[in-house]
Amino acid sequence: MHEIVPGLVYAPGYLSREEQDELVVDLREAVKQAPLFTPRMPRTGKEFSVRMTNCGALGWVSDRERGYRYQAIHPETSAPWSPMPRLALRAWDDLSPYKHPPEACLVNFYEASARMGLHQDRDEEDFDAPVVSLSLGDSCLFRIGGTQRKAPTKSFKLHSGDAMMLTGPARLAFHGVDRIMGGTSTLLPQGGRLNLTLRRVTKA
Ligand code: SIN
Ligand code: FE2
């Protein structure tokens, strides 16, 4: 484990191939319960290029009318989200010093052409809780900056099985995914990248 910038803790190869396979099995179940949806930007209604679902008590969603928020049900089917995968909870326990469990596990699915613009994760009540993330499938180029949008940024690759935590000075850092490197992993037969982000949403 090492810190790439202050507060960004990187654990390359955190999950073995067997563990990655287990997580994919759990995520296939999660998607049956709560299908991938395409979120839209607040106000403009522009579609994200990633598709999403969630696991856990609360899920992150976004649409034109109501913007970014957490809610207990799928925005299209109104079904509850599926339970958190075992290995997602284990990652939180292993990496996060925060005393309380995560409430949301956002699952982002990136096709080869998808990306995620620079943003802050700030829809949670307690920024003392870190954000823990797991990467599966194709590698990506991840970018991290500072707490101001114009601060200098640094990029590095995230590979299948890597874990990462944003905490302390990096908890509110701008971050995003510049591009997916298609064909870099055999984990997902159809290709693409899955990212799980675990978050504590409410103040404990
Ligand atoms: C996110 O910031 O929501 C996703 C980051 C990632 O895909 O690694
Ligand atoms: Fe984020």
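Everything here concerns the structure above.
Each value, and the rule that gives it
- Residues numbered from 1 in each chain as written.
- Chains lettered and ligands numbered in written order.
- Predicted model: local features only at pLDDT ≥ 70, side-chain atom pairs only at ≥ 80, totals over all residues.
- Heavy atoms only, no water.
- Pairing = 2+ DSSP bridges.
- Helix = DSSP H or I, 4+ residues; strand = E, 2+ residues; numbered from the N terminus.
- Contact = heavy atoms within 4.5 Å.
- Axes fitted to C-alpha atoms, helices over the stretch in contact; angles between N-to-C directions.
- Salt bridge = Lys/Arg side-chain N within 4 Å of Asp/Glu carboxyl O.
- Buried < 20%, exposed > 50% of the residue type's maximum accessible area, 1.4 Å probe, protein only.
- Donors = N, O, S within 2.8 Å, 3.2 Å for Na, K, Ca; no water.
- Tetrahedral: all angles 85-135°; square planar, octahedral: opposite > 155°, others 65-115°.
- Near = heavy atom within 4 Å.
- Polar contact = N/O pair within 3.5 Å; in protein donor to acceptor, adjacent residues only side chain to side chain.
- Areas by Shrake-Rupley, 256 points an atom, 1.4 Å probe, with all protein chains shown as cover.
- 1 Å grid on protein atoms, 1.4 Å probe; cavity = no way out; pocket = protein on both sides within 12 Å on 5 of 7 lines; lining within 4 Å.
- Sits in = over half its atoms within 2 Å of the grid points.
- Lys, Arg positive; Asp, Glu negative; His and termini not counted.

Honestly, the sheet that holds strand S6 (residues 104-110) in this entry has me stumped. Any pointers?
Backbone hydrogen bonds hold the strands of a sheet together, and the pairing may be parallel or antiparallel. Overall, antiparallel pairing links the seven strands, which are arranged S1-S2-S11-S8-S13-S6-S3 in an open sheet. Two strands bound the open sheet, and with one partner strand each, they are strand S1 (2-3) and strand S3 (51-55). Here seven bridges tie S6 to strand S13 (residues 193-199), and the two strands are oriented antiparallel to one another. Within the sheet, the bridge partner assigned to Phe-109 lies in S13 and is Leu-194. Along the sheet, helix H1 (residues 17-33) contacts S3, S6, strand S8 (131-137) and S13; its crossing angle with S8, the most-contacted strand, is approximately 100 degrees.

How do you make sense of the pattern of salt bridges when you look at a structure like this?
It is possible for side chains bearing opposite charge to pair when their charged atoms get close. What the rule picks out here adds up to 13 salt bridges. Glu-47 is paired through a salt bridge with Arg-40; the nearest N and O atoms lie 3.3 Å apart. Here Glu-47 falls in the partly exposed class, since its relative accessible area comes to 46%. Each of Asp-121, Glu-124, Arg-171 and Arg-199 takes part in one network of salt bridges that share partners.

Looking at this model, I keep getting lost on the coordination of the iron ion (ligand 2). Mind explaining?
When four donors bind a metal tetrahedrally, each ideal donor-metal-donor angle is 109.5 degrees, and when six bind octahedrally, the ideal angles are 90 or 180 degrees. In the first shell of the iron ion (ligand 2), the protein supplies His-119 (NE2), Asp-121 (OD) and His-175 (NE2), at 2.1 to 2.2 Å from the metal. Taken together, the four donor atoms coordinating the iron ion (ligand 2) span angles of 89 to 174 degrees at the metal, a pattern that classifies the geometry as irregular. The motif formed by the donor residues of the iron ion (ligand 2), counted along the single chain, is H-x1-D-x53-H. The exposure class of His-119 is partly exposed, given its relative accessible area of 23%.

How should the pairing of S13 be read in this particular structure?
Working note: regular strand, side chains alternate between the two faces of the sheet. Counting buried residues in S13 gives seven out of seven residues, a clear majority hidden from the surface. On S13, burial covers both faces: Arg-193, Asn-195, Thr-197 and Arg-199 on one face and Leu-194, Leu-196 and Leu-198 on the other are all buried. Across seven bridges, S8 lies against S13 in antiparallel orientation. Note that in S13 the partner of Ser-135 across the bridge is Asn-195.

Teacher, can you tell me more about the site of ligand 1 here?
In the vicinity of ligand 1, the contacting residues are Asn-108, Tyr-110, Met-116, His-119, Phe-142, His-175, Val-177, Arg-193 and Asn-195. Between an oxygen atom of ligand 1 and a side-chain N or O atom of Asn-195, the distance comes to 3.3 Å. Across the complex, the protein chains shield 96% of the 260 Å² of accessible surface that ligand 1 would expose by itself. Here ligand 1 is seated within the largest pocket. Where the shell around ligand 1 is concerned, the elements lending two or more residues are S6, strand S7 (116-119), strand S12 (175-181) and S13.

Can you walk me through the side chain of Asp-126 in this structure?
With respect to the helices and strands, the residue Asp-126 is situated in the loop between S7 and S8. Buried within the structure, Asp-126 lacks any salt-bridge partner; Lys-203 is the closest side chain of opposite charge, at an N-O distance of 4.4 Å. Among the polar contacts listed, one links the side chain of Asp-126 to the backbone nitrogen of Asp-128, at a separation of 2.9 Å. The residues touching Asp-126, leaving out its near neighbours within four places in the chain, are Tyr-98, Val-201 and Lys-203.

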